[in-house]
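Residue-level listing of the chains:
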Amino acid sequence: MTNIIPELNNFQIEKIDLEEFLEFLNLDSEVKAFLQKACELAKKRKEFLYFAGGVVRDYFLRKNTKDFDLVLEGNLEDFLKELFKEVRGEILFKSQFLTYKVNIEGNSGKTFIIDLVTARRELYEAPATLPKVFPSSFKEDILRRDFTINTLILGLTPPYEGKLLDLLGGKRDLEKGIIRPLHLFSFVEDPTRIFRGIRYKVRFNFEWSEEFYQALNKAFEISSLEKLTGSRIYQELKLYLLKESLENLKDLLELTYDLGVFEKVGLKLKRERFLNLVKWLEVLEKELTFQEKEKVFFWGLIWNSSEGALRLGLSIKELNKFKASEEFIKSRVSFLSKMGLSEKVEFLEKVPFLPLLVLSLFYEDLKEEVLNWIKVYRKIKPKLTGEELKKMGISESPKIGKILKFLRDKHLEGKIRSEEEEKQLVEQLLEEESFLN
Ligand code: ATP
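Residues numbered from 1 in each chain as written. Predicted model: local features only at pLDDT ≥ 70, side-chain atom pairs only at ≥ 80, totals over all residues. Heavy atoms only, no water.

Caption draft 1: Region of the structure containing the side chain of Ser 186. Within the fold, Ser 186 resides in helix α7 (residues 186-189). Ignoring anything within four residues of it in the chain, the contact list for Ser 186 reads Asp 146, Pro 181 and Arg 193. (Helix = DSSP H or I, 4+ residues; strand = E, 2+ residues; numbered from the N terminus. Contact = heavy atoms within 4.5 Å.)

Caption draft 2: Main features of the side chain of Glu 326. Residue position: Glu 326 is located in helix α16 (residues 316-330). Only 3.3 Å separates the side chain of Glu 326 from the side chain of Asn 304, close enough to count as a polar contact. Discounting chain neighbours no more than four positions away, the residues touching Glu 326 are Trp 303, Asn 304, Leu 359 and Tyr 363. (Polar contact = N/O pair within 3.5 Å; in protein donor to acceptor, adjacent residues only side chain to side chain.)

Caption draft 3: Up close: the packing of aromatic side chains. The final tally for this structure, using the stated rule, is 31 aromatic pairs. With a centroid separation of 6.2 Å and 65 degrees between ring planes, the pair formed by Phe 11 and Tyr 160 is classed as edge-to-face. Taken as a pair, Phe 11 in the segment before β1 (12-15) and Tyr 160 in the loop between β9 (153-155) and β10 (163-166) lie far apart in primary sequence, 149 residues in all. Like Phe 11, the residue Tyr 160 is buried in the burial classification. An aromatic cluster is defined as three or more aromatic residues linked by ring pairs; in this entry it consists of Phe 147, Phe 187, Tyr 200, Phe 204, Phe 206, Trp 208, Phe 212 and Tyr 213. Lying over the aromatic face of Trp 208, Lys 201 brings its terminal NZ or CZ to 5.2 Å of the ring centre. Sitting over the face of the ring of Trp 373, Arg 378 holds its NZ or CZ atom 6.0 Å from the ring centroid. (Phe/Tyr/Trp six-rings, centres within 6.5 Å; stacked < 30°, edge-to-face > 60°. Buried < 20%, exposed > 50% of the residue type's maximum accessible area, 1.4 Å probe, protein only. Lys NZ or Arg CZ within 6 Å of the ring centre and 35° of its normal.)

Caption draft 4: Spatial organisation of the domain arrangement of the protein chain. Domains assigned within the protein chain are domain 1 (5-185) and domain 2 (386-436). Using C-alpha coordinates to define each centre, domain 1 is positioned 63 Å away from domain 2. (Domains from an automatic or database assignment.)

Caption draft 5: Layout of the pairing of strand β6 (residues 111-118). One ladder, built from 3 bridges, connects strand β3 (residues 69-73) with β6; its direction is parallel. Pairing of Leu 70 across the sheet is with Leu 116, part of β6. What sits between the antiparallel neighbours strand β5 (residues 99-105) and β6 is a turn of 5 residues, in which Gly 109 has the positive phi angle 95 degrees. (Pairing = 2+ DSSP bridges.)

Laid out in structure tokens, this is it:
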């Protein structure tokens, strides 16, 4: 594998129209004002402030970026202290990697969050562990990055104000659509970069370079993926869902599988299940919160495997809950089609929500019913509330629950629609004392 690091002393510098770049970012005017202040201060302190990583990459790809990496070659903590004399703001979070999340209050009172990072060098003491970091130069900060396409720098202050610095041929790889790690041991040091490389390949429809495969084989040879903690694997897979579009999820999972990455990290997954899982997530897309989708995704992936749950650090208590729900469903699912609507709904509502969604992946008969329930029936509720029933003269709470269920059943059967009809029905029930006793 060619070592691309020596190119570092002889790097490409290109003039860039900063105004146009900032316009492309389409920043809120308050964020722009903040950036202006930060640049002035960096100039005064003679520290190099620059954009790096995704934001520069996406500018050349003409893709919108949601967040940006603002890097300071210097003492960021001191820098922020001084900046907060002029700008209203506070440090919300400081990580062990010398990165800062700051909250800024603009002139209008609107607040926004900005990520600032210190140019740093990384030291990996063992494969697949988190590195130690030390403040360093922009050159070393570039050397710690994952792929050449993420190594472009856009300078905001001297000595490279308005300059694009391309230290490792990132622009060429970006133009050719190539994902190239920086060195042979890149994935040994940090196997999560493999997941990142998979995401970039699918997202941008790029190719992996020869060096990508070489670095992958090195990581396989040294068994570095086995050393990744469950929570880091979990976080990387979660990004498939969080940062990528759902329509790419199947490709992401299949590529991960085909590269042998799932197997190497110790996850025995079934490739043929991916399509079903992704389709189900697509169908549920608008019905679920992100946290619910995340659960369906992970439990659907490793379904029923205690080994998989342990590897990803999922709760075994939760796994047992899922298994108990499966026992409950298994014995009754064949009767579902013979049940009346309210009976069906009552049955579905006895099963905890998430197990119900995950089990639908494996029981076709259940899936259809769950879908109807999620989209339509679970949203049907009586208009009258318990309080209103009390005002109508019903005092005891078990009776109230019984009436509310009765009203809901009548709605499900399509027998009533309005609050008026509900009231009439309740009046009738009050007359038929037998119902309430
Ligand atoms: P996205 O578009 O997915 O948000 P991004 O490039 O902005 O991509 P981040 O995860 O926000 O990615 O990381 C910011 C930058 O930090 C990346 O561009 C990359 O240069 C660097 N980086 C992030 N994670 C790693 C890693 N595991 N190893 C090396 N460099 C990394």
